[in-house]
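One letter stands for each residue in the lines below.
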Protein chains: 6
Amino acid sequence: MIRRIDRIAVELPPPSEPDPAGAQAVQELMGGRFGEMSTFMNYTIQSFNFRNRQGARPFYDLVANIAAEEFGHMELVATAINTMLTGASPTDDGRAPKASLVPLKGVGNPHHFLAGGQGALPQNSQGRPWNGDYVFSSGDLVEDLTHNFFLETGARNNKLKVWEMVDHPAARALTGYLLVRGGVHQVAYARALERLTGADLMKLFPSPRIPTEKIPDCKPYIDRGEHLRLYRFSPDDYLELAAVWNGPHPETGDELEVVDEAPEGVPAFDLPAQPAVFAPDYAPEEIAAIAEKLRVKAGLSKEPTGRVANGKPAKNSKPRRAPRKKAAAK
Amino acid sequence: MIRRIDRIAVELPPPSEPDPAGAQAVQELMGGRFGEMSTFMNYTIQSFNFRNRQGARPFYDLVANIAAEEFGHMELVATAINTMLTGASPTDDGRAPKASLVPLKGVGNPHHFLAGGQGALPQNSQGRPWNGDYVFSSGDLVEDLTHNFFLETGARNNKLKVWEMVDHPAARALTGYLLVRGGVHQVAYARALERLTGADLMKLFPSPRIPTEKIPDCKPYIDRGEHLRLYRFSPDDYLELAAVWNGPHPETGDELEVVDEAPEGVPAFDLPAQPAVFAPDYAPEEIAAIAEKLRVKAGLSKEPTGRVANGKPAKNSKPRRAPRKKAAAK
Amino acid sequence: MIRRIDRIAVELPPPSEPDPAGAQAVQELMGGRFGEMSTFMNYTIQSFNFRNRQGARPFYDLVANIAAEEFGHMELVATAINTMLTGASPTDDGRAPKASLVPLKGVGNPHHFLAGGQGALPQNSQGRPWNGDYVFSSGDLVEDLTHNFFLETGARNNKLKVWEMVDHPAARALTGYLLVRGGVHQVAYARALERLTGADLMKLFPSPRIPTEKIPDCKPYIDRGEHLRLYRFSPDDYLELAAVWNGPHPETGDELEVVDEAPEGVPAFDLPAQPAVFAPDYAPEEIAAIAEKLRVKAGLSKEPTGRVANGKPAKNSKPRRAPRKKAAAK
Amino acid sequence: MIRRIDRIAVELPPPSEPDPAGAQAVQELMGGRFGEMSTFMNYTIQSFNFRNRQGARPFYDLVANIAAEEFGHMELVATAINTMLTGASPTDDGRAPKASLVPLKGVGNPHHFLAGGQGALPQNSQGRPWNGDYVFSSGDLVEDLTHNFFLETGARNNKLKVWEMVDHPAARALTGYLLVRGGVHQVAYARALERLTGADLMKLFPSPRIPTEKIPDCKPYIDRGEHLRLYRFSPDDYLELAAVWNGPHPETGDELEVVDEAPEGVPAFDLPAQPAVFAPDYAPEEIAAIAEKLRVKAGLSKEPTGRVANGKPAKNSKPRRAPRKKAAAK
Amino acid sequence: MIRRIDRIAVELPPPSEPDPAGAQAVQELMGGRFGEMSTFMNYTIQSFNFRNRQGARPFYDLVANIAAEEFGHMELVATAINTMLTGASPTDDGRAPKASLVPLKGVGNPHHFLAGGQGALPQNSQGRPWNGDYVFSSGDLVEDLTHNFFLETGARNNKLKVWEMVDHPAARALTGYLLVRGGVHQVAYARALERLTGADLMKLFPSPRIPTEKIPDCKPYIDRGEHLRLYRFSPDDYLELAAVWNGPHPETGDELEVVDEAPEGVPAFDLPAQPAVFAPDYAPEEIAAIAEKLRVKAGLSKEPTGRVANGKPAKNSKPRRAPRKKAAAK
Amino acid sequence: MIRRIDRIAVELPPPSEPDPAGAQAVQELMGGRFGEMSTFMNYTIQSFNFRNRQGARPFYDLVANIAAEEFGHMELVATAINTMLTGASPTDDGRAPKASLVPLKGVGNPHHFLAGGQGALPQNSQGRPWNGDYVFSSGDLVEDLTHNFFLETGARNNKLKVWEMVDHPAARALTGYLLVRGGVHQVAYARALERLTGADLMKLFPSPRIPTEKIPDCKPYIDRGEHLRLYRFSPDDYLELAAVWNGPHPETGDELEVVDEAPEGVPAFDLPAQPAVFAPDYAPEEIAAIAEKLRVKAGLSKEPTGRVANGKPAKNSKPRRAPRKKAAAK
């Protein structure tokens, strides 16, 4: 099971100049063979299928825990895409049925506008949907780890290329962060293979062989040590990842460390409505009015309670609400 | 972001008589168009893409929160499949390279044995991979909710059919639970549409029109009120689902209630190794020895620390481990 | 545009012993690369895209008109599949939630039961969906005709094989008819190529080289001359197919003939409800009661008006109904 | 079975400035998940699979009849695409092997030129083929209608977006018409659900919530009442749709009406040859000469007999032709 | 470019008891993600795309040369499947149109009979077609080699499982040979990575961790040293693979060796016609008569000239034929 | 089995102005339904599956031998794509992590840069992967030949269109050659059908009906007689193709001729590294240094031994190397 936190892993910039062609490219990191849906789903399903968990606990814990971080990466990629698409259609006076999408004809992924509401899709940079053939779950631990190391290697390649191709601030912030955190997972799987077989895999790094510190957008994260840390994304579980994640970092030589809780994260920007594509509505203000009425009727605050980067912060994190009984069931 | 809990949502029976053909059928609930990957991914991506969240907060909270529960449903389906496949190949004297898989030729999904280690796959009952075309995220709130109501309706249909076709105890326990919880989500989306449009949709229930209480495996859950509760799967967020989830249940008339925390869940069974398919290894005891050595070396306990239904419980949930510094970073 | 007639092209037998594995095989003729969805969609889209129609009118008329017959073939295949699936689940006392589908676990196409209501699917014999890559529409007339001849050749091969594999009466009646009518189309496209290029293609027949008259289920149709006739499926259009369809039949030497109207067809059997799969409902009698009420309220007859093979015939084909104004618009 | 009429449902403008990028976008309405192939195939296959038709006759008639109209919509979309692609390659002096397609490199869907003859494809706006997974046919009447209502909702969304993005006259005329007629089907399925369950679904309209009358290209059709009429696309069948299609229109309040015959339609433009892509030939005049010779030889008129918008009308609709015997067979 | 030799890499047994369900399983080694189409196509396309070949010549030569061997493996898999399917339909008195395929309904891959002529398909064990997403060609040498090592690891897993599941003599002979030769390629890619990075990867063997010598069907090949040899599949090229392929074998410690020519191979069995599926014809003897006539007319021998395991050997490998001029062109 | 020759079939020009959008179009000839992967795989698999080879030897030899030539065509298409992509990213000072790919955002197939290293992909012009459904192997000889004739017809259409659209010198040289050689195969399959059935198919040429000599890039090949020759791609096998390939050419009337050996071919250009996409590395000179060291250590020459168009030729084709024993095994 999971618990969900309404925060994203790292700060991304607010919307600026829209970049639909860039958003198309960033989709590779969402729904491509080596995108974040793939890393998330591979490790999740491998953890579901893990047999003899107690016997192989350090490895189970490693895979299951990294899966949890990957959810947050998938969320970040979606956030970047949504940010880059914001403003691509007019938001004020260009409401449908004006011809607001004419300038977007032949630009980027047509589904961003025709099928979706200027939002992220489970597709790659070519508009092809992610599919389950991208998941490898053989059950054989050494093989699954070999796959995972390869997957992270391919993912690093794709992120480097997207970094080079898309200079929108959101894409750069995204790839800078993901390169560092993906690098952690790449090392983690190589380490796990070393622990099981004795082969010295640290010499394979970096792969592709461009040093991470050459990417300027990675630097802030390296400076604060993000390349060394494996966070534990669970209040009480997955303790044994510490049995795998230790020793020196292959590129910097610094000692790897386990952080015994998940990153705190930050609230996301509440991206504005795009009425030309009916997201979330042709007349979003009507929904807001309904929402307020429903809140009041349910005994909640008049104001919305959510945490967003660009709103006034909710005064307290547990706003007044009608008392409810706690379920007796497990 | 998410936090992961190493427990499953509800108790499923331990392995008994293997049922590979049944496991093939249950895959429909995993990777089918209306399976749990679909519900999880639809609501997750819709929540990622949600614009003007503050304005439409009750609806954002509802979708984002149900997504979190669906992860646990996907996990349950995988667990049931893995349980049903356990023992299908010999575990003791039939280790490869004996011809241990001959009796499985032509039975069930061949990938359960040839590609995977008797584990769940992101495929449907026909062996076709789940794909991103099963996700609908138009950004238009009314449409997305209309889709979600339809999706839950199709999901209920599939679960009823799998219930009828597969009488393995794990499949029955699974579908009994999912029918009740899926019914909650079906009502939730109908309610949300009602709140936005005023249309009285409660008359559409049940759909398919077979009363839930006629399914014997649903009864225990109805008796303890699981059909009425919407759990909040977050420590601090998604409070406003209470603005939508209220009023009477369309089938029983009981008052709907929000439960202000997630279900506690139960530890899963640690399913045994299946060496004939190398899961987790041809010689799983060797991995166990390595794991123990790694634990000790890392200053963790000699015994595995995980929570499983069939192990002796970890003595305390926070076993001794080498002290680590908490990250200063967010 | 089309007009639809609630009759099928030829009589198929009523349900008898169900044959789900046979129905799986017959799906090849529905959604396979050479199935009837393919013939229908290929000729339909080619006709939509036909340029310089007036200049090439005999060929346009031929393709457009054959497309219309293929709709009826697709309908026949679906009817045969539905017939073969009828009774595979209990209809009386085995209503869900009884375990009525257990005997069908591992039998046939699982979607026939888990996804559909024991009905035909747009899939092939392997359960893979039909897709648009099966359509060839180059716009080049000679090439499109070459394709169509090849398509009909592959279709004949598949029909012969299905005939050999499935001895259910509905499958045999179906393939016997389709082999004869498909043969007509195979000749038609070869003739059209001959007319355009002068190449003598009649020597390619039969292909596969098994004489059609060796298939006993074809004999009744050959006896009544169905292998010689090209029907005109339009009240006023496609007259020029007569400029292509003439000369001797390549196998029998009889003169080909154009029939200046479509076959009359026969009413289909009204296949019984299958409540175990909720088709059309868990309690179909309730729908019948609603339907009757709606008819009466709308000024229609109390009894259903449709034409079915197993119902008492509607007394007159134009039952009493409330007078309605004819639209003035085109 | 069907009969085919060589006319299109509504007048579309003749070719003007070509718009290949626009044609790429319009493909979403052809082969997209919510395109006209989807509406046509969904209702067609649902009608094929309909069990207990007599018992549920009004609903069977409704679905089967709407299917027939959708064929005409699919035809209209293809016509619009073909119109928009006409002239994109040179037609006179630019015959292959001149480099006539160079300006089209990187523009629109490459298959429009490389695979097809500047014609419509069974693909979506991303160039991905339509596939059978877009068809839902559960057999459960309430569910199938729920799906159909959702499908029409998604289709309306796509049409609105294409309207906004593509301002070519053919695309505008197309979407204006389809929005009105698709709206009729959206209401029809909602009505059918209301009749079966009692839920008041009229409040869900319009969805997306932009009033139809705000779309200028819809206005002519609303003015002449096209939003109110359900045509009966059959000489003798599907009478009982009148039992469902009645009551007030949800947006205008006008009374819904059944029109007891299909729209008359109009002849399509005969789109000119595009010799650079060999459609219908590298030297189309040679085909015309062959066609004339074949007509004469078959005893038909020397002039082509077809009905086209830009030809001189055929003098009589039943030109002289060699007498043929009417088939005795059914 | 290639030259083709009408011999297969190793002797497979002649047809015996047919095994259609086994043939379905063996398809995984043909068209599965880790099948021989994948190894062949991956290395072939990587070699096509290899940049700076001269600079990285030993690695280019290695990849390009292994590609050539994989063609022969793909051929062997097809041969095994064809052998296992031989006799599944009657060959003598059961010619179509007798119901010769009825016993095969619901057995194995239906396309083996309905679409093909009891022959191999470019599909996996689930009947899904091989596709280009199974090819990885990043251009980055270290990454491509990492992929290739992973691919061979997955391939070894699949071969072991097929060995366990299918005990037909042809399948056993096939997998015994492929496991040994695939092991050579697995070592080769690990070696290449070692040469480039210095990481000691030999400790990863075997993977899956079942010793190869435990597979009885591998033993003959190990005994004759096939696990040590890398053959050079070219008369004059790819010499530099010797710069990578050297040092001790990771399992046996024996010295690796380059063999400076390709294996001689053996003629394949000429598998008998299967007239029930029209392979190669309904009346194969008619084709044979035509063939003889054509040979004689062209000045070739009256008898067929090919090399087959079960024919009388062609008297000389260069039978008399009409003199032809050697092309002057390159 | 095959032997591989490190030469390409015909000379293509060296890299000049990069043309990524052109490379996207040329992909149709690689991975499209009618591309060279399709011709290669169709004939290869048909030859693998060919039953009663001795009986039908001339036809088996024809198909098997043409397959071998198609490998070289697939190689040529890849070479042209790689040539056209060379230089699209900076090669000197633009090494990653500079933003070297920004100008390529929204241009061509994004996978050329994001997934691959500016290399060819097994995809079509829309970025969709080649798949096994493009292979037809019915086992029925007449049908397979009918398919192959149709396939070559479609391939000719695609090549003509690519010729028209892409004027890059590499694309023009490629299509000029392939049109002539593909034409040979088109005639070969038509001839084979004629031999089997007696139908005169030569009248179908050319198809599409544009004379080959109108394509200027075909002229050099026609002038030297390439349209007349069928090469035998095997040292000792496939002699009987001479029984089919004879008679006059349908367009020129010249006598067809068999050439008793394969074309010699030419060395390919060694395309330069593209460090911005890490092909073959971020620092390709380091690989070159390693390669040299490995060569020396293995007793090979210090200089690379390969044959490339732009290197200084290897002094002798069999450079000094450590003596190795010839394998005793077959």
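You'll find the structure just up there.
It should be emphasised that the depicted structure is a prediction, and the values quoted were computed from it without experimental measurement. (Residues numbered from 1 in each chain as written. Chains lettered and ligands numbered in written order. Predicted model: local features only at pLDDT ≥ 70, side-chain atom pairs only at ≥ 80, totals over all residues. Heavy atoms only, no water.)

Moving on to unusual backbone geometry. Cis peptide bonds are those with omega within 30 degrees of zero, and the linkage from Ala279 of chain A to Pro280 of chain A qualifies with 5 degrees. With respect to the element layout, Pro280 of chain A can be found in the loop between strand E3 (257-259) and helix H8 (284-297). Here the residue pair Ser207 of chain E and Pro208 of chain E is connected by a cis peptide bond, since its omega of -15 degrees sits within 30 degrees of zero. Topologically, Pro208 of chain E is positioned in the loop between helix H6 (169-197) and helix H7 (219-223). Although it is not a glycine, Tyr238 of chain B adopts a positive phi angle of roughly 65 degrees. Note that Tyr238 of chain B resides in the loop between strand E2 (229-231) and strand E3 (257-259). Note on Tyr238 of chain B: relative accessible area 2%, which makes it buried. For Asn52 of chain C, which is not glycine, the phi torsion reads 55 degrees and is therefore positive. Note on placement: Asn52 of chain C falls in the loop between helix H2 (36-48) and helix H3 (57-85). (Helix = DSSP H or I, 4+ residues; strand = E, 2+ residues; numbered from the N terminus. Buried < 20%, exposed > 50% of the residue type's maximum accessible area, 1.4 Å probe, protein only.)

In this description, an aromatic ring pair is defined by two values, namely the gap between the centres and the angle between the planes. Per the stated rule, a full pass over the model turns up 87 aromatic pairs over all chains. On the basis of an interplanar angle of 65 degrees and a centroid distance of 5.6 Å, the ring pair of Phe48 of chain C and Phe71 of chain D is categorised as edge-to-face. Of the two residues, Phe48 of chain C is situated in helix H2 and Phe71 of chain D in helix H3 (residues 57-85); the pairing between them involves two chains. Grouping residues by exposure puts Phe48 of chain C and Phe71 of chain D together as buried. The interplanar angle of 70 degrees and the centroid separation of 5.7 Å between the aromatic rings of Phe40 of chain F and Phe71 of chain F together place this pair among those described as edge-to-face. Separated by 31 residues along the polypeptide, Phe40 of chain F in helix H2 (residues 36-49) and Phe71 of chain F in helix H3 (residues 57-85) bring together distant segments of the chain. Here Phe40 of chain F falls in the buried class, since its relative accessible area comes to 0%. Members of the aromatic cluster, each reached through a chain of ring pairs, are Phe34, Phe136 and Phe150 of chain A together with Phe34, Phe136 and Phe150 of chain E. Its end group placed over the ring of Trp163 of chain B, Arg172 of chain B keeps NZ or CZ at 3.9 Å from the ring centre. (Phe/Tyr/Trp six-rings, centres within 6.5 Å; stacked < 30°, edge-to-face > 60°. Lys NZ or Arg CZ within 6 Å of the ring centre and 35° of its normal.)

In this section: the side chain of Asp133 of chain D. Position of Asp133 of chain D among the secondary structure elements: in the loop between helix H4 (111-114) and helix H5 (141-165). Assessed through its relative accessible area of 15%, Asp133 of chain D is described here as buried. Only 2.9 Å separates the side chain of Asp133 of chain D from the side chain of Arg128 of chain B, close enough to count as a polar contact. Those residues in contact with Asp133 of chain D that lie beyond four places of it in its chain are Arg33, Arg128 and Tyr134 of chain B together with Pro129 of chain C. (Polar contact = N/O pair within 3.5 Å; in protein donor to acceptor, adjacent residues only side chain to side chain. Contact = heavy atoms within 4.5 Å.)

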